[in-house]
Amino acid sequence: MERTEGAPAPTVATAFEKARAEGRAALVGYLPAGFPSYEGAVAAATAMVEAGCDVIEIGLPYSDPLMDGPTIQDAVHQALTGGIRITDVFRTVEAVAATGARTLVMTYWNPVDRYGVDAFARDLSSAGGCGLITPDLTPEEAEPWLAASDAYDLDRVFLVALSSTDERLAEITGVSRGFVYAASLMGVTGARSAVDTGAAHLVERTRKAMAGRSPLPVGLGLGVSTGEQAAEVAGFADGVIVGSAFIRRLLDAPSLEAGIDAVRRLTAELADGVRR
Amino acid sequence: MTIDAARDLPDLTGHFGRFGGRFAPEALMAALDELTTAYQTAVADPAFRAELNHLLKTYAGRPSLLTEAKRFGAEAGGARILLKREDLNHTGSHKINNVLGQALLTRRMGKTRIIAETGAGQHGVATATAAALLGLECVVYMGEVDTVRQALNVARMRMLGAEVIPVKNGSRTLKDACNEAFRDWVASVQHTHYCIGSTMGPHPFPMMVRDFQRIIGVEAREQVLELTGKLPDAVVACVGGGSNAIGAFHAFIPDEDVRLYGFEAGGAGVDSGKHAATLVGGSVGVIHGMRTYLLQDDDGQTLETHSVSAGLDYPGVGPEHSWLRDTGRATYQAVTDSEAMDAFALLCRTEGIIPAIESAHALAGALRVGQELGPDATIVVCLSGRGDKDMHTAAEWFGLVEGEGSAL
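The sections below set out a description of the structure shown in this document. (Residues numbered from 1 in each chain as written. Chains lettered and ligands numbered in written order. Predicted model: local features only at pLDDT ≥ 70, side-chain atom pairs only at ≥ 80, totals over all residues. Heavy atoms only, no water.)

1. Things to note about the pairing of strand β8 (residues 218-221) of chain A
Within a regular strand, side chains alternate between the sheet's two faces.
All names here are of chain A.
Thinking step 1. Every second residue of β8 is oriented toward a common face, with Val218 and Leu220 on one face and Gly219 and Gly221 on the other, all of them buried.
Thinking step 2. Pairing of strand β7 (residues 180-183) with β8 involves 4 bridges; the strand directions are parallel. Looking at the pairing, Ala182 lines up with Leu220 of β8.
Thinking step 3. Regarding topology, helix α9 (residues 199-209) serves as the crossover connection from β7 to the parallel β8, and that connection is right-handed.
Thinking step 4. Where β8 lies against strand β9 (residues 239-242), 2 bridges are found, and the strand directions are parallel. (Buried < 20%, exposed > 50% of the residue type's maximum accessible area, 1.4 Å probe, protein only. Helix = DSSP H or I, 4+ residues; strand = E, 2+ residues; numbered from the N terminus. Pairing = 2+ DSSP bridges. Right-handed = clockwise from strand over helix to strand, strands pointing away.)

Right, dumping it as structure tokens:
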């Protein structure tokens, strides 16, 4: 999806604004490219958009996902074993962005570093991607990415954690664009039975860190897997981020079709949750 | 940057030139800052230094000996070979130097649990040992492949009261054990210290582990001066993550006439693609929290490594070695599995010392450097560990098992 000269760059901020205008939180869904296959990932992400996801994060499968729990590790391993390459990730972004959903790439830093930060930004932009979520890149080491994302008008979504100091919250939100990703718990990705009690406080502290500036939306992720949890999170955050629960549906299904049906049902449940 | 400046590296943000730094999840940043401060305060505290030195002396057995290896040296171009005997430390390797420092720091930070990754098991054993000594809970992550080839060390760790968790994902070796330890730490950082075993990971680990291992070279420099009246011509060490090597090198970095050689695991040969020679055959990227040389494909995916030595079977390397490589201050070469095992056997038969297979890579390198520098040369070799743990691998390699032909 080539961007026409002069048209504004797509940003996830518009998806959050639309949700806010409707008096609800945005629903953000994660799926790695190439899982369960190239076509399967595109079909599943498309189903997620159709059933109510406002934003899609396409994961770039990486050999050493040290922030991810067993579910995403399994999916990413399957994608890499299936031969997925970075060029396929861009093709996935292009196909998902074509549905009209705001599409980000979530990636560990080394694949971007290896590809070339500027080249990666260029190719992501021409695929119609909005930007990057970078779970192991903090502002300290982000200089090349800050420059490249400026050059190509891309969103840069950094994470904040329960352990982040107020100074760090100010620094991180200061360089973020699109939205701020609040990690709801201290730990790796994966479904949890309850939302950490500290999560609401983190969202509040993150907002406070942006006081006096035009505030970015704050999305909350890690551990959310049910409509009920989505409703709870939607009560205090601007966006609800779900990943492992979608993957679990695809892993457990007897066929791709059944998996996509299950993904569609889960999306509907979560979309209902963010509207409660 | 001049070599003199090496003494001041890393900079305040943990960089050795363009290498090092901190590529870590935000959840760990506060803990890394806390650790940096706690470490700096501790080393400035005479009481901390005294306690560490006391343990090094009365528990680990420092200073370690410098042993002249005359019969081995005859095979190394006649060069004078001096072995820095880290194998004689308590627990059998240099790893205890670092672990005692970090374990004391763990207690000082008020944390009650210590976790570690281990390849050959030497770092795991050292960590389990220090945890037992200081009454800390201990969990060690070890690749499943390594738990098999280093079974003796698994039993040692369990005897010492540590929980050993075999890691069954990825290549099931050291890098995957690191991943799993990081995953544990993100969730447990409030009460747990991750005791990284090499000069790797996000700042301050490469600096802190180097500082705790620096004693190897500091002692060796004094010992060789006392023995020969001059500095050595070369210092030789094996390099996996690179902690024994940086420990041996660091005190010599300003001595520009002393050549520094690091020997990496060449596996079946660098050209075969089956190796772990990061500095010889790798490219610059980011792994386990640091910018450094690593073995990766065009997409930045980590490549699988191969080595007969579990402790060198790692696709990255400490960032300070990357800096020493690029500045030319140190030279890095690969040693194949067979060269290492030949040197392993040679040391056994000429000196009555069974080295760790990791250290055998340094010995093979010393044979090469000795040939190059000739009989007038004095070469310090860091004998980083002892080989008891490797008897199973050696017995298979050389056919020492009953009923099978011997390759020796």
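Now, onward.
2. What about the sheet that holds strand β6 (residues 159-160) of chain A?
Residue and element names in this part refer to chain A.
Thinking step 1. Ordered by their spatial adjacency, 9 strands build an open sheet running β5-β4-β3-β2-β1-β9-β8-β7-β6, and the pairing between neighbours is parallel. The two strands at the open ends of the sheet, each matched to only one other strand, are β5 (155-157) and β6.
Thinking step 2. As judged from the 3 bridges shared by strand β3 (residues 102-106) and strand β4 (residues 131-133), these two strands associate in the parallel manner. When the bridges of β4 are listed, Leu104 appears paired with Gly131.

3. A short note on the packing of aromatic side chains
Thinking step 1. If you walk through the whole model with that rule in mind, you get 15 aromatic pairs over all chains.
Thinking step 2. With a centroid separation of 5.5 Å and an interplanar angle of 35 degrees, the aromatic rings of A:Tyr62 and A:Tyr108 are classed as tilted. Of this pair, A:Tyr62 sits in the loop between β2 (55-59) and α3 (70-81) while A:Tyr108 sits in the loop between β3 and α5 (109-115), and the two are 46 residues apart along the sequence.
Thinking step 3. Relative accessible area serves as the criterion here: at 6%, A:Tyr62 is assigned to the buried category.
Thinking step 4. Aromatic pair B:Phe19 and B:Tyr293: ring centres 5.7 Å apart, planes at 35 degrees, arrangement tilted. Here B:Tyr293 lies in strand β12 (residues 290-294) and B:Phe19 lies in strand β2 (residues 19-20), a separation of 274 residues in the sequence. With respect to class, B:Phe19 is no different from B:Tyr293; both count as buried.
Thinking step 5. Here the aromatic cluster, defined as three or more aromatic residues joined through ring pairs, consists of B:Phe182, B:Trp185, B:Tyr194 and B:Phe205.
Thinking step 6. When the ring centre of A:Tyr38 is taken as reference, the NZ or CZ atom of A:Arg91 above it lies at 4.1 Å. (Phe/Tyr/Trp six-rings, centres within 6.5 Å; stacked < 30°, edge-to-face > 60°. Lys NZ or Arg CZ within 6 Å of the ring centre and 35° of its normal.)

4. Regarding the interface of chain B and chain A
Thinking step 1. Taken together, the contact pairs 35 residues of chain B with 33 residues of chain A.
Thinking step 2. For the pair chain B and chain A, the summed buried area comes to about 2,800 Å², and 48% of that belongs to carbon and sulfur atoms.
Thinking step 3. Of all residues in chain B, the largest losses of buried area upon contact with chain A belong to B:Glu26, B:Arg183 and B:Asp299, amounting jointly to 26% of the total for that side.
Thinking step 4. Taken together, the links from chain B to chain A amount to 5 salt bridges.
Thinking step 5. Only α1 (26-43), α8 (174-188), β11 (283-287) and β12 of chain B provide two or more residues apiece to the side of chain B that touches chain A.
Thinking step 6. Ranked by residues supplied to the side of chain B that touches chain A, first place goes to α8(B) with 8 residues.
Thinking step 7. Residues that form the side of chain B that touches chain A fall into these classes: 13 nonpolar, 11 polar and 11 charged. (Contact = heavy atoms within 4.5 Å. Buried area = accessible area lost by both parts, 1.4 Å probe. Salt bridge = Lys/Arg side-chain N within 4 Å of Asp/Glu carboxyl O. Nonpolar A, V, L, I, M, F, W, Y, C, P; charged D, E, K, R; others polar.)

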